[in-house]
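# Coordinate analysis (summary)
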Amino acid sequence: MWVDPNGRFNVCCAPDQERKKLGNFGNLNQKSVSDIWHSVEYQNLCNNYMSNSLCQSCNMRRPKY
């Protein structure tokens, strides 16, 4: 996770237009990290990220053994 200068919670370092396709998880000016981290949207991404082509091609993801 990382936060942009405007407070937007971002889930990865992909280019902005690609990353936005993963969803809008919130802004830390309006929600807490805990609220975002435990949200249905973020948990859905965590549980299903490998079905997303962007995540499948990511060179930063943990390899599956």
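Use the structure listed above.
A few points on the structure. A quick note: this is a predicted structure, and the numbers were derived from the prediction, not measured. Residue indices begin from 1 for each chain and proceed along its sequence in written order. pLDDT decides what is reported in this predicted model: residues at 70 or higher carry local features, side-chain atom pairs at 80 or more are listed and counted, and totals for whole chains, interfaces and linings draw on all residues regardless. The side-chain numbers reported here are obtained from all heavy atoms of the structure, hydrogens and water having been left aside.

Next up on the list: the overall build of the chain. Counting from the N terminus, the helices are DSSP H or I runs at least four residues long and the strands are E runs at least two residues long. For the chain, the count of helices and strands is four helices and two strands. Ordered by position from the N terminus, the helices and strands of the chain form the series β-β-α-α-α-α. Each principal axis of the C-alpha atoms in the chain carries an extent, and together these give about 35 × 25 × 15 Å. Think of it in three bands: with a 1.4 Å probe and only protein chains considered, a residue is buried below 20% of the maximum accessible area for its type, exposed above 50%, and partly exposed in between. Of all 65 residues assigned to the chain, the portion counted as buried reaches 28%. In the chain, 24% of the contacts between residues at least 6 apart in sequence involve partners at least 24 apart. In summary, the charge assignment counts Lys and Arg as positive and Asp and Glu as negative, without counting His or the chain termini. Working definition for charges: the position is that of NZ of Lys, CZ of Arg, CG of Asp or CD of Glu. Between the mean site of the 8 positive side-chain charges and the mean site of the 5 negative ones, the chain shows a separation of 8 Å. Here, residues are in contact when the closest pair of their heavy atoms is within 4.5 Å.

The residue Arg 19 is located in helix 1 (residues 16–19) in this model. Two N or O atoms count as a polar contact when they lie within 3.5 Å, although within protein this holds only if one can serve as hydrogen donor and the other as acceptor, and sequence-adjacent residues are included solely when both atoms are side-chain atoms. Separated by 2.5 Å, the side chain of Arg 19 and the backbone oxygen of Ala 14 make a polar contact.

Any carboxyl oxygen of Asp or Glu that lies within 4 Å of a side-chain nitrogen of Lys or Arg is treated as forming a salt bridge with it. Here the structure, examined in full by the defined rule, presents three salt bridges. Asp 16 is paired through a salt bridge with Arg 19; the nearest N and O atoms lie 2.5 Å apart. With Asp 16 and Arg 19 both in helix 1 and three residues apart, this pair spans about one turn of that helix. Classification of Asp 16 as partly exposed rests on a relative accessible area of 33%. Residue Asp 16 is joined to Lys 20 by a salt bridge in which the shortest nitrogen-to-oxygen separation is 3.3 Å. Overall, Lys 20 belongs to the partly exposed group, its relative accessible area being 38%. Within this structure, Asp 16, Arg 19 and Lys 20 form a network of salt bridges that share partners.

Now for the layout of surface pockets. Two kinds of site are reported from a 1 Å grid over the protein atoms alone, namely cavities, where a 1.4 Å probe fits but cannot get out, and pockets, open sets with protein on both sides within 12 Å along at least five of seven lines, and residues are called lining when an atom falls within 4 Å of a point. Grid points are joined across faces, edges and corners, and a volume is the space filled by probe spheres set on the points. What the largest pocket holds in volume is close to 560 Å³. Contributing to the lining of the largest pocket are 18 residues, with Val 11, Cys 12, Tyr 49, Cys 55 and Arg 61 lying nearest its centre. Of all the secondary-structure elements, those providing two or more residues to the lining of the largest pocket are helix 3 (40–48) and helix 4 (53–56). With three residues, helix 3 is the single largest residue contributor to the lining of the largest pocket. Class assignment for the residues of the lining of the largest pocket results in 14 nonpolar, two polar and two charged. By the convention adopted, Pro, Cys, Tyr, Trp, Phe, Met, Ile, Leu, Val and Ala count as nonpolar, Lys, Arg, Asp and Glu as charged, and the other residues, Gly among them, as polar.

In this section: the packing of aromatic side chains. Between the rings of Phe, Tyr and Trp (Trp by its six-membered ring), a pair exists once the centres lie within 6.5 Å; its type follows the angle of the planes, with under 30 degrees stacked, over 60 edge-to-face, and the other angles tilted. Going through the model one piece at a time under the given rule, you end up with four aromatic pairs. Ring geometry for Phe 9 against Tyr 42: centres 5.5 Å apart, planes inclined by 90 degrees, an arrangement best described as edge-to-face. One end of the pair, Phe 9, is in strand 2 (residues 9–10); the other, Tyr 42, is in helix 3, with 33 residues separating them in the sequence. Overall, the relative accessible area of 10% leaves Tyr 42 in the buried class.

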